[in-house]
Amino acid sequence: MVKITDTTFRDAHQSLMATRLRTEDMLPIAEKMDQVGFYSMEVWGGATFDSCIRYLNEDPWERLRDLKKKIPNTPLQMLLRGQNLVGYRHYPDDIAEKFIKKSIENGIDIIRIFDALNDIRNVEFSIKMTKKYGAEAQGAISYTTSPVHTTEQFIELAKKFEELGCDSISIKDMAGLLKPYDAKELIGRLKEEISVPIDLHSHCTAGIAPLTYMTSVEAGIDILNCAMSPLSMGTSQPPVESIVEALKGTKYDTGLDLVLLTEIRDYFDEIRSKYKYLISSISERVDARILRYQVPGGMLSNLVSQLKEQGALDKFEEVLNEIPRVRKDLGYPPLVTPTSQIVGTQAVMNVLTEERYKIITNEVSNYLKGYYGKSPAPISKDLLKRALQDGEKQITCRPADLLEPEYELRKKEAMDKRIVSKEEDILTYAIYPQIAVKFLRGEAKAEAIPQEKDISKFMEIPNEYIIEVDGEAFNVKVEPVYGSRAKIEKKETITAETEGAVISPFRGLVTKLNVKVGSEVKAGDSIVVLEAMKMENPVNAQNDGKVEKIIINEGESVNVGDILMIIK
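Residues numbered from 1 in each chain as written. Predicted model: local features only at pLDDT ≥ 70, side-chain atom pairs only at ≥ 80, totals over all residues. Heavy atoms only, no water.

Heads up, the rule is: UniProt positions are given in the numbering used here, feature names are shortened, and annotations may be inferred rather than shown by experiment.
For the protein, the name recorded in an unreviewed UniProt entry is Pyruvate carboxylase subunit B, with Methanococcus vannielii as its organism. The UniProt entry for the protein carries this comment under Subunit (unreviewed entry): "Heterooctamer of four A and four B subunits." We quote the UniProt Cofactor (unreviewed entry) comment for the protein here in full: "Co(2+)".

Overview of unusual backbone geometry
The criterion, for reference: Here a helix means four or more residues in a row that DSSP labels H or I, a strand means two or more in a row labelled E, and each is numbered from the N terminus.
That bond from threonine 337 to proline 338 is cis: its omega, 5°, falls within 30 degrees of zero. With respect to the helices and strands, proline 338 occurs in the loop between α15 (316-329) and α16 (339-352). Of note in the backbone geometry, asparagine 57 takes a positive phi value of approximately 55° without being a glycine. By the secondary structure assignment, asparagine 57 is in the loop between α3 (48-56) and α4 (60-70).

A closer look at the layout of surface pockets
For the record, the criterion: Cavity means a closed set of points on a 1 Å grid over the protein atoms alone, one where a 1.4 Å probe fits but cannot get out, pocket means an open set with protein on both sides within 12 Å along at least 5 of 7 lines, and lining means a residue has an atom within 4 Å of a point. Grid points are joined across faces, edges and corners, and a volume is the space filled by probe spheres set on the points. Three classes are used, and their members are as follows: Ala, Val, Leu, Ile, Met, Phe, Trp, Tyr, Cys and Pro are nonpolar, Asp, Glu, Lys and Arg are charged, and the others, Gly among them, are polar. Start and end points for every domain follow an automatic or database-based domain assignment.
Of the pockets and cavities examined, the second largest pocket occupies roughly 470 Å³. Residue lining of the second largest pocket: 21 residues in total, with Lys358, Ile503, Val539, Asn540 and Gln542 positioned closest to the centre. For the lining of the second largest pocket, the elements supplying multiple residues, two or more each, are β11 (501-503) and β15 (535-540). Considering each element in turn, the lining of the second largest pocket owes the most residues, three residues, to β11. Its residues assigned to classes, the lining of the second largest pocket shows ten nonpolar, six polar and five charged. Of the domains in this structure, domain 2 (289-402) and domain 4 (501-567) are the two that each give at least three residues to the lining of the second largest pocket.

What to know about the environment of aspartate 167
Inspection of the secondary structure puts aspartate 167 in the loop between α7 (151-163) and β6 (168-173). Sequence separation between aspartate 167 and lysine 251 is 84 residues; the distance between their C-alpha atoms is 24 Å.

Topic: α16
Note the following rule: What a helix should span is 1.5 Å times the count of its residues minus one. Partly exposed residues are those whose accessible area sits between 20% and 50% of the maximum for their type, while under 20% is buried and over 50% is exposed, using a 1.4 Å probe and protein chains only.
With 14 residues, α16 extends 20 Å from end C-alpha to end C-alpha; this agrees with the ideal 20 Å at 1.5 Å per step. Extensive coverage of α16 is indicated by the burial of 13 of its 14 residues. Immediately beyond the C-terminal end of α16, within one or two residues, lies glutamate 354, with a positive phi of roughly 60°.

Digging into the pairing of strand β3 (residues 76-80)
In plain terms, the rule: If DSSP finds at least two bridges between two strands, the strands pair.
Across the five residues that make up β3, a large majority, five, are buried. On β3, burial covers both faces: Leu76, Met78 and Leu80 on one face and Gln77 and Leu79 on the other are all buried. In terms of strand pairing, strand β2 (residues 40-45) meets β3 through four bridges, oriented parallel. Opposite glutamate 42, over in β3, you have glutamine 77 as the bridge partner.

Concerning the packing of helix α5 (residues 93-105) against helix α6 (residues 124-132)
Here is the rule: Lines are fitted to the C-alpha atoms to define the axes, a helix being fitted only along its stretch in contact, and any angle between axes, read from their N-to-C directions, falls within 0 to 180 degrees. Any angle that is under 35 degrees is reported as roughly parallel, and any over 145 degrees as roughly antiparallel; angles of 65 to 115 degrees are reported as roughly perpendicular and all others as oblique. It is the rotation of the near helix from the far one that decides the hand of a crossing: anticlockwise by less than a right angle makes it left-handed, clockwise makes it right-handed. Two residues form a contact once any of their heavy atoms are found within 4.5 Å.
Between α5 and α6, the shortest axis-to-axis distance is 9 Å and the interhelical angle comes to 40°. Of the possible angle classes, the one that applies to α5 and α6 is oblique. Between α5 and α6 lies a crossing of right-handed hand. Note on element contacts: α6 touches α5 through Phe125, Ser126, Met129, Thr130 and Lys132, opposite Asp93, Ala96, Glu97, Ile100 and Ile104. Classifying every residue of the contact of α5 with α6 by side-chain character gives five nonpolar, two polar and three charged.

Spelled out as structure tokens, the structure:
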């Protein structure tokens, strides 16, 4: 008998529609899904935490509690990024322990734990805490292919997971790269050498996941991850109903009721229509090029969304071609959060600035220094030289060992800001201090869901036109104006041609101003930090000079081409 983990409430919508499924659309069908008999339902973690407070104005902890009330019989599962938890950096052990404890208290039964680099040091503490507070720990192998990754490495990692006390092992094939006969070999070997259940999680991006699921069943897989059919395929998982029917009447029969699944399917078919403005044709279709690009499902839909935000969707193909080059430079990390975001955002920066590594994101800099763990292969020497300044060396210890306890500090900050009503709020702030404040103050607003008549506004609208005047053709580029009237008035007197004008190379949120009026700067100094595409990106001075005027403020959003400051 093969068991099914349903991913509809987490990875399915993360992969297809940039993690935007709202709690209000989960709760009406949750009780019926609880009746199916799934092995577990993946409902939390991954990008859902970020998306709730960044885009949906929802409390992720409240979502979890509400789902637990509606789903009392099926184990609820979450995805944890090891020491990164649900964020994009390593957090100290005191934050990790409290986050895991609260996740379990609020309703999580199974925690799937992985590290983007398969560095076992980065998951040991999370596994220990998961077991301490009474949940099942599922150790996840970040599956990838490269000149340096081998089946033997994956087997050894699985053995270490079992030694650490994991209750099951997952093959996390985030980009859908695992081919049918490679799966048969890997799973066959794991069944020989591992005594705990083996789970397979894959994506249909390259079109081979359903085939791989069938060979994995023959090899003895215990659990398959699937999504309800309206939110399956493309960058998501294979469909629940199809896999159930394919195995029906065999020794692998799942025992799930197709009649009940069909009723649930009809509900999600309507829900999909509600969110269709978010589902890109790029995310829906099979693209075998992903076997080369290795872009995971969740990253692909988010990449499309982020390029739209930057007004650079036309650069999509260039970015896809740049991703493997950046990945090689960084020592072939598996592309899964946060390394997928780190590599993907750097690739976007390389393309948007039309110069490779003109801007090196803070996260790439920290990765190069070893703060995310050990890279699978050596890093580009030239890139490493740029990151390590003044005799600095890569770290070789467990990155979290260098972090001071942080919980009490964040608690005090949150209390001082008067944004805390419960302990979970402190954790929300600790993990996302930049965006949590507005949310916790009640100042955030949920993204609007457009009506049918307005959906065209969200599609790719051209911004370049050829206009003919008196028989003469002019190429005209039209761009929207954002910001307050005060900001617009500033632009009337200060333009990109103004001497010393520093231009924003992309759209983002000003998280830090590193200079003030009168500051002396050198070429290459970081003067502003912009959060864009969930990464922190320094904007550097291009020349030596003195800051004459600062146009923007911390907490303000800027767009491509906005004037940030004047340096003369």
